[in-house]
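# Examination of the molecular architecture
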Amino acid sequence: MLFLNEVSKSFKLRDGLYKAVDNVSLEVNAGAVHGIIGASGAGKSTLLRMINLLEQPDQGTVTIDGLQLMGLPDKLLRKERQKIGMIFQQFNLVSNATVSRNVSIPLELAGLPKQERIKRVKECLIFVGLEDKEDQYPAQLSGGQRQRVAIARALANSPKLLLCDEPTSSLDPTTTVEILNVLKHVNSRLGVTIVIVTHEMDVIKTICSHVSVMESGRIIDSFSREDGEFRPAAESFSSYREEIIGKEREAYAR
Ligand SMILES: Nc1ncnc2c1ncn2[C@@H]1O[C@H](COP(=O)(O)OP(=O)(O)O)[C@@H](O)[C@H]1O
Ligand SMILES: [Mg+2]
């Protein structure tokens, strides 16, 4: 359903160009939960943001369900983007809006009539288990509850694809499991294809059907799960674990 063909992205720095994503091709099948794992700075977020063109690739193409997104007129691109939900590490909720208003905003932008919005907001809040929090503000919620609101908001327009950028990285282990379960349901019950960026191997192990390993702007390896194991070469997959965790520690120590 999603195809990135040889996409690259460079950023201008004071001392020249920095290639954050370097000639990456990636295919994600409908119904997959596709993980992208790598140490911080590997280019994961940049790659994810190119899928909905929040970041314009310098080169390459992005195709979703046979439609090439680059070069689409603004109005059509906005319509296509409505079919792509996104959630982030820091939730990105509107702090002075209630839970239900946060979920309603994408529906307002899509021009849905008020009565239908009310109905849809309720459905989405029930799906994430927050129907009793509709009148609260984000500051009154826990991290896990805030991420549930963000998931409800991302689901509001019934997307076929959900992009997740480190969705559990600011949550404790118990809450991480809860949120991963919600994402599992989004995939299995609603049939939404998921691309999830993470530096946590447990996230990959818990919910991903496929995984691509990213390093220095490139995808250096890919695995798919068969009979519970990542293949080919489950051993080489495990060997990334120490490597990635080690680099992550170095990056945060700096
Ligand atoms: N807007 C930007 N301007 C300049 N450099 C950027 C920008 N966004 C990302 N980068 C750089 O690109 C590299 C990859 O970043 P990112 O995609 O955020 O990596 P990751 O999500 O894997 O941590 C990093 O070195 C980062 O500093
Ligand atoms: Mg990132």
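Check the entry above for the structure.
So, here's what we can say about the structure. Worth saying up front: this structure is predicted, and the values here are computed from it rather than measured.

The rules we used
Residues numbered from 1 in each chain as written. Chains lettered and ligands numbered in written order. Predicted model: local features only at pLDDT ≥ 70, side-chain atom pairs only at ≥ 80, totals over all residues. Heavy atoms only, no water. Buried < 20%, exposed > 50% of the residue type's maximum accessible area, 1.4 Å probe, protein only. Helix = DSSP H or I, 4+ residues; strand = E, 2+ residues; numbered from the N terminus. Pairing = 2+ DSSP bridges. Contact = heavy atoms within 4.5 Å. Axes fitted to C-alpha atoms, helices over the stretch in contact; angles between N-to-C directions. Lys, Arg positive; Asp, Glu negative; His and termini not counted. Salt bridge = Lys/Arg side-chain N within 4 Å of Asp/Glu carboxyl O. Polar contact = N/O pair within 3.5 Å; in protein donor to acceptor, adjacent residues only side chain to side chain. Near = heavy atom within 4 Å. Areas by Shrake-Rupley, 256 points an atom, 1.4 Å probe, with all protein chains shown as cover. Right-handed = clockwise from strand over helix to strand, strands pointing away.

Further remarks concern unusual backbone geometry. A positive phi angle, close to 50°, is found at E6, a residue other than glycine. E6 gets classed as partly exposed once you look at its relative accessible area, which sits at 44%. A positive phi is found at L53, a non-glycine position, where the angle reads about 60°. Turning to its location among the elements, L53 is positioned in the loop between helix 1 (44-51) and strand 4 (59-64).

Let's shift gears to the sheet that holds strand 2 (residues 16-28). Strand order across the open sheet formed by four strands is 2-1-4-5, with antiparallel pairing between neighbours. Single-partner strands in this sheet number two, and they are strand 2 and strand 5 (67-68). Relative to strand 2, strand 1 (residues 2-13) runs antiparallel, the two being bridged by nine bridges. Counterpart to F11 in the pairing with strand 2 is Y18. Here helix 1 sits on the sheet in contact with strand 1, strand 2 and strand 4, set at roughly 125° to strand 1.

This part is about the side chain of E166. Of note, E166 is situated in the loop between strand 7 (161-165) and helix 6 (173-190). Of the side chains with opposite charge, K44 lies nearest to the buried E166, which makes no salt bridge, at 4.1 Å. Side chain to side chain, E166 and H199 meet in a polar contact 2.9 Å long. The residues contacting E166, other than those within four sequence positions of it, are K44, F88, Q89, V197, T198 and H199.

Moving on: the site of ligand 1. In the vicinity of ligand 1, the contacting residues are F11, L13, Y18, A20, A39, S40, G41, A42, G43, K44, S45 and T46. In this structure, S45 approaches ligand 1 through a side-chain N or O atom, which is 2.8 Å from an oxygen atom. Within the complex, the protein chains bury 61% of what would otherwise be the 560 Å² of accessible surface of ligand 1. Counting residues per element, the ones that place at least two in the shell around ligand 1 are strand 1, strand 2 and helix 1. Broken down by element, the shell around ligand 1 gets its largest block of residues, three residues, from helix 1.

A separate point is helix 3 (residues 99-109). Residue pairs spaced three or four apart in an α-helix point in one direction, given the helix's 3.6 residues per turn. Of all the residues in helix 3, the buried ones are V99, S100, N102, V103, S104, P106 and L107. Packed against the buried residues of helix 3 are helix 4 (114-127) and helix 5 (143-155).

Burial within strand 8 (residues 193-198) is extensive, with six of its six residues counted as buried. Burial along strand 8 is two-sided: T193, V195 and V197 and I194, I196 and T198, pointing in opposite directions, are all buried. Looking at chain direction, strand 3 (residues 33-37) and strand 8 are connected through five bridges and run parallel. Paired with H34 across the strands is V195, a residue of strand 8. Relative to strand 8, strand 7 runs parallel, the two sharing five bridges. Within strand 8, the position partnered with L163 by the bridge is V195. Handedness of the β-α-β unit built from strand 7, helix 6 and strand 8 comes out right-handed.

Coordinates in, geometry out; function isn't part of it.
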